[in-house]
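The chain contents come next:
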Amino acid sequence: MFLDDFIRMCFDGFEQGWHERNGGNLSYRMKDEDVEAVKDKLHDTGRHYDMNFSAPELKGAYFTITGSGKYMRNVPLAPEKNIGIIRIDDAGTGYDILWGLEDGAKPTSEIPTHLMNHIARMKATDGACRVIYHAHPANITALTYTLPPEAKAYTRVLWQSETECAVVFPEGVGVVDWMVPGSIDIGIETAKLITKYRAVVWTFHGIFGSGVDFDETFGLVHTIEKAAEIYLKAKSAGIVRTITDDEFKALADAFGVTLNPEFLG
Ligand code: 13P
Ligand code: ZN
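What counts and how
- All residue numbers refer to positions counted from 1 along the written sequence of the respective chain.
- Chains and ligands are labelled sequentially in the order written, the chains with letters from A and the ligands with numbers from 1.
- Reporting of local features is limited, given that this is a predicted model, to residues whose pLDDT is at least 70; pairs of side-chain atoms are given and counted only at 80 or more, and all residues count toward the totals for whole chains, interfaces and linings.
- With hydrogens and water set aside, each side-chain value is computed from the structure's full complement of heavy atoms.
- Strands here mean DSSP runs of E at least two residues long; helices mean DSSP runs of H or I at least four residues long; both are numbered from the N terminus.
- Two things to know: the radius of gyration comes from C-alpha atoms, and the globule rule equals 2.2 Å times the number of residues to the power 0.38.
- For every residue, the accessible area (1.4 Å probe, protein chains only) is compared with the maximum for its type, and the residue is labelled buried under 20%, exposed over 50%, or partly exposed between those bounds.
- The contact criterion used throughout is that any non-hydrogen atoms of two residues lie within 4.5 Å.
- Here the accessible surface of atoms and residues is derived via Shrake-Rupley with a 1.4 Å probe, and residues count as covered only by protein chains that are part of the display.
- With water excluded from the atoms, a metal site may look incomplete; its donors are any N, O or S atoms within 2.8 Å, or within 3.2 Å for Na, K and Ca.
- UniProt positions are given in the numbering used here, feature names are shortened, and annotations may be inferred rather than shown by experiment.
- At least two bridges found by DSSP between two strands are what make those strands a pair.
- When the strands point away from the viewer, a crossover counts as right-handed if the path from the first strand over the helix to the second runs clockwise.
- Only the stretch in contact is used when a helix axis is fitted, and all axes are lines through C-alpha atoms; the angle between N-to-C directions ranges over 0 to 180 degrees.
- We define a salt bridge as a side-chain nitrogen of Lys or Arg found within 4 Å of a carboxyl oxygen belonging to Asp or Glu.

Student: Mind showing me how you'd approach the overall build of the chain here?
Tutor: Counting its regular elements, the chain contains 10 helices and nine strands. Over its C-alpha atoms the chain spans a radius of gyration of 19 Å, differing by no more than 12% from the 18 Å that the globule rule assigns to 265 residues. Its C-alpha atoms give the chain principal-axis dimensions of roughly 60 × 35 × 35 Å. Looking at the chain as a whole, 52% of its 265 residues are labelled buried. In the chain, the share of contacts with a sequence separation of at least 24, taken over all contacts with a separation of at least 6, comes to 72%. Of the accessible surface of the chain, which amounts to about 11,800 Å², a share of 50% is contributed by carbon and sulfur atoms.

Encoded structure:
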């Protein structure tokens, strides 16, 4: 059941240490069968909010989404207070809360980035992508203090830090330089990049990851965070050698993946 998987992922991220306080948020674009499975829970709560941006592509779409100011560690204890189900209205400019987010809670303050990322990934994957996840992993965030905010710099460092990284994210990762979180503008910049890359790093803040399901999305962020940790450990010990571009080419051949050529050489 999608709701159990959603709740599990919230707590998995907390256990990794990626969700201090209310840090991080998660959204899932529900399938028709998901809506059907919970239809007895859904009702008109009379709580309608404007989004301050237009998302015509999402008219009538249902999302399960974490609440603003809510702690991921509390999600399994009281899902109805910490997460909710919303439906984007027929104008595509607002949404109704149909379940959860009790006691006046609202969806995450990062809802512009979540919804804009959903639109971008829906288009990029012919509708397959359903999960958008924001986390504050310490090593990814630490990495942003050591590199220029360029996709090539991040991608090469991460690919070089664990052999399987290039297989897991052959397109590379994007990076947004520091911007005010929760804003429409950071949503627009992130969505531009997430069209090309399934994961986008937020400088001095964290990361957004996307995927077709919870496992793939969590696994992507987990892989990037571990690579960042390995890089920082190796860097503090002193890097004397790394994976070469010829080795990347051999890896790509063996695994049948196409590595983004912008990041080789
Ligand atoms: P929310 O509590 O509004 O989800 O914000 C947390 C966060 O990580 C903002 O970037
Ligand atoms: Zn954040």
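Resuming the write-up.
Student: How do you make sense of unusual backbone geometry when you look at a structure like this?
Tutor: Here Asp103, not a glycine, exhibits a phi torsion of approximately 60 degrees, which is positive. By the element assignment, Asp103 lies in the loop between strand S5 (94–100) and helix H4 (111–124). Classification of Asp103 as exposed rests on a relative accessible area of 66%.

Student: What exactly am I supposed to notice about the coordination of the zinc ion (ligand 2) here?
Tutor: Around a metal, the idealised angle for a tetrahedral arrangement of four donor atoms is 109.5 degrees; for an octahedral arrangement of six donor atoms it is 90 or 180 degrees. Looking at the zinc ion (ligand 2), one finds its protein donor set to be His134 (NE2), His136 (NE2) and His205 (NE2), positioned 2.1 Å from the metal centre. Ordering the donors of the zinc ion (ligand 2) by residue number gives the pattern H-x1-H-x68-H. When sorted by exposure, His134 lands in the same class as His136, which is buried.

Student: Even after reading the chapter, I still don't get the UniProt feature "domain: Class II aldolase/adducin N-terminal" (unreviewed entry) in the chain, so can you show me in this structure?
Tutor: Here the UniProt-annotated "domain: Class II aldolase/adducin N-terminal" (unreviewed entry) positions come out as residues 4–232. Split by type, residues 4–232 is 38% helix and 19% strand. Its first and last C-alpha atoms lie 34 Å apart.

Student: Would you explain the pairing of strand S8 (residues 199–202) in this entry?
Tutor: Two faces, one strand: in a regular strand the side chains alternate between the faces of the sheet. Going residue by residue along S8, you find Ala199 and Val201 tucked away on one face and Val200 and Trp202 tucked away on the opposite face as well. Pairing of strand S7 (residues 174–176) with S8 involves three bridges; the strand directions are parallel. Within the sheet, the bridge partner assigned to Val175 lies in S8 and is Val201. On the question of chirality, the crossover connecting S7 to the parallel S8 by way of helix H8 (residues 184–194) is right-handed.

Student: Can you help me understand the sheet that holds strand S3 (residues 62–66) in this one?
Tutor: To summarise the sheet geometry, strands pair through backbone hydrogen bonds and adopt either a parallel or an antiparallel arrangement. Strand order in the open sheet formed by nine strands is S2-S5-S4-S3-S1-S6-S9-S8-S7, and the pairing between neighbours is mixed. With one partner strand each, in any of the chains shown, strand S2 (48–50) and S7 form the two edges of the open sheet. Mean inter-strand twist for the sheet, computed between neighbouring axes without regard to direction, equals 20 degrees. Looking at chain direction, strand S1 (residues 25–29) and strand S6 (residues 131–135) are connected through four bridges and run antiparallel.

Student: Sorry if this is basic, but what is going on with the pattern of salt bridges here?
Tutor: For side chains of opposite charge, pairing can occur when their charged atoms come near one another. With the rule as written, the count across this model stands at 10 salt bridges. In this structure, Lys81 engages Glu102 in a salt bridge whose closest nitrogen and oxygen atoms are separated by 3.9 Å. Of this pair, Lys81 sits in helix H3 (residues 79–82) while Glu102 is found in the loop between S5 and H4, placing the two residues 21 residues apart along the sequence. With its nearest N and O atoms 2.8 Å apart, the salt bridge here joins Glu171 to Arg198.

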